[in-house]
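Inside the fold
The residues making up each chain are set out below.
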Amino acid sequence: MHLIICESQAAQAKACAAIIAAQVLQKPSSVLGLATGDTPKAIYRELIALRQGGVLDFSQVRSFNLDEYVGLAPTHPQSYCFFMWEQFFASMGMRPEQVRVPSGIAADLEAECQQYEKDIAAAGGIDLQLLGLGHDGHIAFNEPGESFEKCTHVAALTEQTIQANSRNFGPDETVPQTALSMGIGSIMRARRIVLSAYGKAKAEIVAKAFLGPVTPWVPASILQFHPDCTIVLDAEAASAL
Ligand code: GLP
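Quick summary incoming for the structure in this document. (Residues numbered from 1 in each chain as written. Predicted model: local features only at pLDDT ≥ 70, side-chain atom pairs only at ≥ 80, totals over all residues. Heavy atoms only, no water.)

All right, on to the nonpolar core then. L131, I139, I187, L195, F210 and L223 are the most contacted members of the largest nonpolar core, which has 33 residues in total. Every element with two or more residues in this core is listed here: α4 (109-122), α6 (184-188), β9 (192-197), α7 (203-211) and β10 (229-234). Looking at this core, the element that brings in the most residues is α7, giving 4 residues. Setting aside residues no more than four positions away along its own chain, F210 makes contact with M1, L195, A220, L223, Q224 and I231. The next biggest cluster of nonpolar side chains, apart from the first, holds 32 residues, and it includes V24, L32, L56 and L128. (Core = buried A, V, L, I, M, F, W, Y, C linked by side-chain atoms within 4.5 Å. Buried < 20%, exposed > 50% of the residue type's maximum accessible area, 1.4 Å probe, protein only. Helix = DSSP H or I, 4+ residues; strand = E, 2+ residues; numbered from the N terminus. Contact = heavy atoms within 4.5 Å.)

The next thing to look at is unusual backbone geometry. Its identity as a non-glycine residue notwithstanding, A140 has a phi of 50°, on the positive side. Along the chain, the position of A140 falls in the loop between β6 (128-131) and β7 (153-156).

What follows covers the packing of helix α1 (residues 9-26) against helix α2 (residues 39-52). One way to put it is that α1 packs onto α2 with a least axis distance of 8 Å and a crossing angle of 55°. By the criterion of interaxial angle, the relationship of α1 to α2 is oblique. The element α1 and its partner α2 pack so that their crossing is right-handed. Of α2, the residues touching α1 (which contributes Q9, A13, K14, C16, A17, I20 and A21) are A42, I43, E46, L47 and L50. In terms of residue class, the contact of α1 with α2 is made up of 9 nonpolar, 1 polar and 2 charged. (Axes fitted to C-alpha atoms, helices over the stretch in contact; angles between N-to-C directions. Parallel < 35°, antiparallel > 145°, perpendicular 65-115°, else oblique. Left-handed = near helix turned anticlockwise from the far one by under 90°. Nonpolar A, V, L, I, M, F, W, Y, C, P; charged D, E, K, R; others polar.)

Attention now moves to the packing of aromatic side chains. For the coordinates displayed, the defined rule picks out 9 aromatic pairs. Ring-pair connections join several aromatic residues into one group, and the members of that group are Y44, F58, W85, F88 and F89. (Phe/Tyr/Trp six-rings, centres within 6.5 Å; stacked < 30°, edge-to-face > 60°.)

Right, let's talk about a nonpolar patch on the surface for a bit. Together, L3, I5, L211 and L241 line one region of the surface with nonpolar side chains, adding up to about 390 Å² of accessible area. Residue position: L3 is located in strand β1 (residues 2-6). Residue classification places L3 among the partly exposed positions, given a relative accessible area of 48%. (Patch = residues over 30% accessible without salt bridge, like charges linked within 9 Å, V, L, I, M, F, W, Y side chains within 5 Å. Areas by Shrake-Rupley, 256 points an atom, 1.4 Å probe, with all protein chains shown as cover. Salt bridge = Lys/Arg side-chain N within 4 Å of Asp/Glu carboxyl O.)

It is worth spelling out the pairing of β10 at this point. The buried fraction of β10 amounts to 6 of the 6 residues, a majority that puts the element mostly inside the structure. Of the two faces of β10, both are covered, the one formed by C229, I231 and L233 as well as the one formed by T230, V232 and D234. Where β1 meets β10, 5 bridges bridge the pair, whose relative direction is parallel. Considered in β10, the bridge of I5 is made with L233. Looking at chain direction, β9 and β10 are connected through 5 bridges and run parallel. The residue of β10 that forms the bridge with A197 is L233. (Pairing = 2+ DSSP bridges.)

In C-alpha cells form, the structure reads like this:
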C-alpha cells in the first residue's frame, strides 16, 4: 500500500487526478473503474480541467462504474448513471458506448450482475479503479460482513448507508435500500487501485481500515493486500493515523 497525504482537500483531489491522468497518458485505451459520492467530484473537476487545457484525451478510455441503486432509471437525478453524465462523462466528451454503469432497472438483476462481470472481462479487466470510502468502511456498496470473494451482486444497504445517502434525496423521496454493486472480488482484480478520502469525518475509519486488522467487518481493510493500491488523503482524513 502506498500512502499520499496532502495538506488540503484541493491538493488531495489534484493528486488523485494526476494519478488517473498519468494512467491515461501512458495507456490511452485504459479501462477505468469509476466511483460516485461527494469524494470524486473534485477529482472529476480536475480531470475535466486537464481535458479543457488540451492535456488529456479520454476518447479511447472505457469505464465501468462501481454501483447503481436498484429501481432508479438512468434518467433519475439521484441515479449514479445520471450523476456520472452530469459530473464527468459529458464534460470529458465520452460517448455512451465507452461507459458502463450497472442497470438498476434491469428486469433480471442477477443476469445484469453476471453480464457486468463479463463486460469488464471482455474489456480486458480494469487498469485503474478509483474508490471512495464509506463511514463504516464500505467500498462501492460492499457493507461490513460481506465476503471478500464476491463479484458484482445485488447488495442490501445498511441503515447507516441509507441514512448517509438520504442527504441527496428530497424529503418525500424514498432512498433505495438495495443496489447493484461490484464486489470486493471484482475490485481486487483491478490492476491498480486509488482510494480517495478527505475530511475529519473519515479519519477514524481510515485508521481502522489501513492500520487495523484485515477483516470483512471493515471491507476497505482488504486493500492492505492489494499489490498496487494508493491511499490519497488530506491532512484531516490522515489525522488519526
Ligand atoms: C456511497 C457509494 C460509495 C462511496 C461512499 C462514500 O455509499 N456507494 O462508492 O464511496 O458512498 O461517499 P462520499 O464520497 O460521499 O463520502
